[in-house]
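# Residue-level structure breakdown
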Amino acid sequence: MIHFIDKVLENLRAYIPLMQSLIWPIVVLIVIWVFRSHMRACISVIHKRIEAGGGLKIGPFELPPMAPATPQEQANNLEDKAAEEVTDHTTTDSSAPKQTSILNVQRDFKASYVLAEDLVMRKLSAELNLKIIRQVKPEHGVKYIFDGVALEEGRFIAVEVKMLRKVIHAKMIARKSLDRLSMYYTSLAEDVKHKFSLILAIVIDEGAPEDTMSQLAFIRDTYRFPVHIVCYRFKELQAEFGIK
């Protein structure tokens, strides 16, 4: 019997490192399973605090009071964003067919904008492992609707999405938005400023991402807060998520 046990142990010796490496993942999974209700409650508290307004405190850091943007505010914000990119279609010609064409362009672009923003948020959330809370605004001070905000290890990360039909508009549109965001940043307490950063996601309908990025080189030398810039082609985003 002892000889049999020795033989079994000898055969299992090669698998000991593997079993050791599996111990912690198994322990973590057990803890997650046992305390799953508490984890769900924590996530629920985050959402309720944001929805109800008021700061969200993580350790010594507290996110400035936020509230969800109303549907009307979100609609107005989308209208403003889309208007930035379709102004080159405006004409003094008041003929009905021409005006109808402009309205169709605006409508289609707004629909694409909403889709692009949703795809970017899903992509960033998956790639950066961020829980992004969408369409919130500061409860006090500077008026600004964030496309998304996230907390990670005590850092306050804002997400801004801009969709461009033409690359030549990149600098103008980015500057306009970041100037408003800079006013919000200036209003923050010093301890929060050190925790604040921005992900600026540019979605282009045509043109080269390299051309877009070159136009945005001014950002790092202009604004006091860190800005991480990413650029996606709209068609490639749609293909990545299986949308035709």
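Above: the structure in question.
A few points on the structure. (Residues numbered from 1 in each chain as written. Predicted model: local features only at pLDDT ≥ 70, side-chain atom pairs only at ≥ 80, totals over all residues. Heavy atoms only, no water.)

### A closer look at the overall build of the protein chain
- A count of helices and strands for the protein chain gives 10 helices and eight strands.
- Within the span of the protein chain, comprising 244 residues, buried residues form 36% of the whole.
- Intrachain contacts of the protein chain at a sequence separation of at least 6 include 68% that bridge at least 24 residues.
- Total accessible area computed for the protein chain in this model is approximately 14800 Å², and 60% of it derives from carbon and sulfur atoms. (Helix = DSSP H or I, 4+ residues; strand = E, 2+ residues; numbered from the N terminus. Buried < 20%, exposed > 50% of the residue type's maximum accessible area, 1.4 Å probe, protein only. Contact = heavy atoms within 4.5 Å. Areas by Shrake-Rupley, 256 points an atom, 1.4 Å probe, with all protein chains shown as cover.)

### Observations concerning the environment of Ala82
- With respect to the helices, strands and loops of the structure, Ala82 is situated in helix 4 (residues 71-86).
- Under the relative-accessibility criterion, Ala82 is labelled buried at 3%.
- Considered as a pair, Ala82 and Lys162 are 80 residues apart in the sequence and their alpha carbons are 9.3 Å apart.
- Setting aside residues up to four positions removed in sequence, Ala82 forms contacts with Phe109, Lys110 and Tyr113.

### A short note on the packing of aromatic side chains
- Overall, the coordinates contain 10 aromatic pairs when judged by the stated rule.
- The positively charged end of Lys171 is found above the aromatic ring belonging to Phe218, 5.5 Å away from the centroid.
- When the ring centre of Tyr185 is taken as reference, the NZ or CZ atom of Lys193 above it lies at 5.7 Å. (Phe/Tyr/Trp six-rings, centres within 6.5 Å; stacked < 30°, edge-to-face > 60°. Lys NZ or Arg CZ within 6 Å of the ring centre and 35° of its normal.)

### Some remarks on the pairing of strand 4 (residues 133-138)
- Relative to strand 4, strand 3 (residues 66-68) runs antiparallel, the two sharing three bridges. Bridging across to strand 4, Met66 finds its partner in Pro138.
- Two elements, strand 4 and strand 5 (residues 146-152), share three bridges in a ladder whose sense is antiparallel. Along strand 5, the bridge assignment pairs Ile133 with Val149. (Pairing = 2+ DSSP bridges.)

### Things to note about the nonpolar core
- If you look at the biggest cluster of nonpolar residues, it comprises 32 residues, and the most contacted ones within it are Phe146, Leu181, Phe196 and Ile219.
- Looking at this core, the elements with two or more residues in it are strand 4, strand 5, strand 6 (155-164), helix 6 (170-187), strand 7 (196-204) and strand 8 (227-233).
- Dropping the residues within four chain positions of it, Leu181 is found in contact with Tyr144, Phe146, Phe196, Leu198 and Phe225.
- Phe109, Ala116, Leu124 and Phe234 belong to the second-largest nonpolar core, a separate cluster that totals 22 residues. (Core = buried A, V, L, I, M, F, W, Y, C linked by side-chain atoms within 4.5 Å.)

### Some remarks on the pattern of salt bridges
- Scanning the model with the defined rule gives 15 salt bridges in all.
- For Glu160, the salt bridge is made with Lys81, and the minimal N-O distance between the two is 3.9 Å. Residue Glu160 is found in strand 6, and its partner Lys81 is found in helix 4; the two are separated by 79 residues along the sequence.
- Two residues, Glu190 and Lys193, come together in a salt bridge whose shortest N-O distance is 3.2 Å. With Glu190 and Lys193 both in helix 7 (residues 190-193) and three residues apart, the pair spans about one turn of that helix.
- Overall, the relative accessible area of 48% leaves Glu190 in the partly exposed class.
- Put simply, Lys81, Glu117, Asp118, Arg122, Arg134, Asp147, Glu160 and Lys162 are held in one network by salt bridges that share partners. (Salt bridge = Lys/Arg side-chain N within 4 Å of Asp/Glu carboxyl O.)

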